[in-house]
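An overview of the molecular structure
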Amino acid sequence: MPNRLANEISPYLFQHRDNPVDWYPWGDEAFEVARAQDKPIFLSIGYSACHWCHVMAHESFEDDKTAVFLNKNFVSIKVDREERPDVDSIYMSAVQALSGSGGWPMSVWLLPDGRPFFGGTYFPHTARYGMPSFLELLQRITDAYANQRPGLERDAGNLTQAINRIVPLGDDDSLPGWDVFETAFQKLASSYDVEWGGFGSQLKFPPSMTIDLLFRMYDHFGWQTALDMATHTLDRMMRGGIYDQLGGGFHRYSVDRQWLVPHFEKMLYDNALLIRAYLSAFQITGRIEYRRIVEQTIAYAEREMRNENGGFYSAQDADSEGHEGKFFVWNEHELRNVLSGRVNIDLVLDFWGITADSNFEGRSILWIPTDPQTVSQQHGVSVAHLEEEVEKARTILLAVRETRIKPGLDDKVLTAWNGLMIRSIAEAGKVLRRPEYVALAEQAASFVLEELQHDGRLLRSYKDSRARFNAYLEDYAFFIEGLLQLYEATFDPRWFTEAHTLTETMVSLFWDDAAGFFDTSEDHEALITRPQELTDNAIPSGTSSTTAVLIRMAILADRPDWRAKADRIIATMSSAIESYPTAFSYLASQLAFVLAPPHEIALVGEPGSDDLEKMLHILNDFYRPAQVVALRSLEQSNAVEPII
């Protein structure tokens, strides 16, 4: 019999609707039951594309014995972290404070009032990895709750106090100088992997925002090393298994230095940010390979991650048929059988690094371990011929792969992540002169405005004709950034007008004179703390993106008050930018923008005219990260338009 999650629209929550665990969604009902029955709360947070979330679900949440114990002794709450980043952020801070690390699935135990007293991530069904079994842990917590309650109350109080710390804004809005970037660059260089690119040695995530920062350092200082670090990382990623060599698009992260073995889920936000990184690389270097990655990734997003009305879905699962990566991997025999008589098989297999020795659990991930020039020389063919054969093979194998059972699709539409993709696709359309890309961005923006906006306020999540949850700071900021880029791609004043209105709303809902921007609005539901995430992680923080919005809108709308807010944020965080550049890369890029200073370009003319198009080609063909462009059209003189 389905549990309460059967009424939810989140694909992740819906995955758990048939669990024997008596799950509650996050809400008043669960906490009221916990208080009435004086039971601790078990809070489980994850997302639909998370491999280890599936593992823990199959091992424990589908196990009748475990479910009986949970249902008797706990009130169990299941949360989709993508729908509720506020809840995720608060309790992730608690888990990190307790253990020094975090991740998903996240498992947290709370008092009935919501204060956490213990937590971790994945717990196995049977004791291993130096961890107790999940059921053993539940038994210990039940005993502690019954017999050591004062200690748990004390721990919960201390932990809640520890995570309830806000960084106060300084009164001084004077900005640091370019010397901050010299120190930051040394920090980046010290953790850079010279051989394989990226930063660190294991569990490499695509460092999109750090690459953007390196490009800005190159643009200002002319540091060739900064450019080399960025492009070498992009080269290694696009040739690795983290990039889907057949279908385009990037998986979430790599478990090794070489970018070979990924966790196979594909997230909309990663691909949006990487489109932007490769587009900038193309503008700087002119290398056609970077343009190809941009185009293939956009093609993937349009083909597989878009609903009929233009909104972009959130993620694709790592698993298919219960196995991680099964949809994406091959064996040599299978490849030879499919490609026999249709391409130069040995040439193609050497290109993709396929040998009798598998590279992933008895099968192989396609990647490009050797430079194409070397492969072509070894086979006595031209690089052009190699590329032709690879493209033929790619088309054949992609068609075969389409007959397989596909990974699960998280088909909810999130305002924030759509904002990221709108910005990237609009910019790609502008730079590459691909009006069909701009049209995709316009359709997505219209979808958000029509389906995820109510009474002038944005909402967070949409699925099955239902939009839910108050939007967060990142929803406003990412979407406004998308609208501003869409304005520069079309010069349609509608997009600027919407951006201007939403910026006013965002500032009124999220700004605090003492603390800057919070992640939740002033009228959001009461939680144990009001979250304020300042660091850039897989995506920019809401504060970093909001700073970018305020700087640009201050120029376009002549709002010095917005610029003053942005300056206060950057000034307060300047020492953090210098000391921890990978954690504040996007905010550091905004500092570079204002120090440049921005190039404000005002055009007068008619969109589509030959003279204007020639001027726009000059403006858009090259990498100009501090450029702001506005157009005044005589026919639009009565519209709300930018000031410059």
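Our subject is the structure listed above.
Quick caveat, the model's predicted, so the values are computed rather than measured.

1. A few points about the overall build of the protein
A count of helical and extended segments in the protein gives 24 helices and 20 strands. Against the globule reference of 26 Å for 644 residues, the protein gives a C-alpha radius of gyration of 25 Å, in line with a compact fold. Pairs at least 24 apart in sequence give 71% of the contacts found in the protein among residues at least 6 apart. Carbon together with sulfur atoms contributes 48% to the accessible area of the protein, which is approximately 25,000 Å² in total.

2. Notes on helix α12 (residues 288–304)
Under the 1.5 Å per step criterion, the end-to-end length of α12 is 24 Å for 17 residues, consistent within 8% with the ideal 24 Å. Where α12 is concerned, the buried positions are Y290, I293, V294, Q296, T297, I298, Y300, A301 and E304.

3. A few points about the sheet that holds strand β5 (residues 116–120)
Ordered by their spatial adjacency, five strands build an open sheet running β1-β3-β2-β4-β5, and the pairing between neighbours is mixed. The sheet terminates laterally at β1 (24–25) and β5, the two strands that pair on one side only. In this structure, strand β2 (residues 41–46) lies alongside strand β3 (residues 75–80), joined through six bridges in parallel fashion. If you follow G46 over to β3, its bridge partner there is D80. With respect to the sheet, helix α2 (residues 28–37) is in contact with β1, β2 and β3, its orientation differing from that of β3 by roughly 160°.

4. A word on the pattern of salt bridges
Pairing between side chains of opposite charge can happen when their charged atoms approach one another. Applying the stated criterion to the full structure yields 48 salt bridges. Residues D244 and K266 are paired through a salt bridge, measuring 2.8 Å at the closest nitrogen-oxygen approach. A residue pair is termed long-range when its members are at least 10 positions apart, and D244 in the loop between α10 (224–238) and β6 (253–254) and K266 in strand β8 (residues 266–267) qualify at 22 residues. Like D244, the residue K266 is buried in the burial classification. Notably, a salt bridge pairs E436 with R434, separated by 2.4 Å at the nearest N-O pair.

5. With respect to the state of the cysteines
A full pass over the atoms with the stated rule returns one disulfide. For C50, the disulfide goes to C53, at an S-S distance of 2.4 Å. The chirality of the disulfide connecting C50 with C53 is right-handed, given an S-S dihedral of about 80°. The pair formed by C50 and C53 is uniform in burial state, with each residue classed as buried.

6. Remarks on the nonpolar core
Most often, soluble globular proteins keep nonpolar side chains buried together rather than apart. Within the largest apolar cluster, 161 residues are counted, with the highest numbers of intra-cluster contacts made by W109 and Y278. Examining the composition of this core, we find that eleven residues originate from one element, helix α11 (residues 268–285), more than from any other. Listed in part, the 23 residues of the second largest apolar core include F31, L43, V95 and L110.

Criteria and cut-off values
- Residues numbered from 1 in each chain as written.
- Predicted model: local features only at pLDDT ≥ 70, side-chain atom pairs only at ≥ 80, totals over all residues.
- Heavy atoms only, no water.
- Helix = DSSP H or I, 4+ residues; strand = E, 2+ residues; numbered from the N terminus.
- Rg over C-alpha atoms; globule rule 2.2 N^0.38 Å.
- Contact = heavy atoms within 4.5 Å.
- Areas by Shrake-Rupley, 256 points an atom, 1.4 Å probe, with all protein chains shown as cover.
- Expected span 1.5 Å × (residues − 1).
- Buried < 20%, exposed > 50% of the residue type's maximum accessible area, 1.4 Å probe, protein only.
- Pairing = 2+ DSSP bridges.
- Axes fitted to C-alpha atoms, helices over the stretch in contact; angles between N-to-C directions.
- Salt bridge = Lys/Arg side-chain N within 4 Å of Asp/Glu carboxyl O.
- Disulfide = S-S within 2.5 Å.
- Core = buried A, V, L, I, M, F, W, Y, C linked by side-chain atoms within 4.5 Å.

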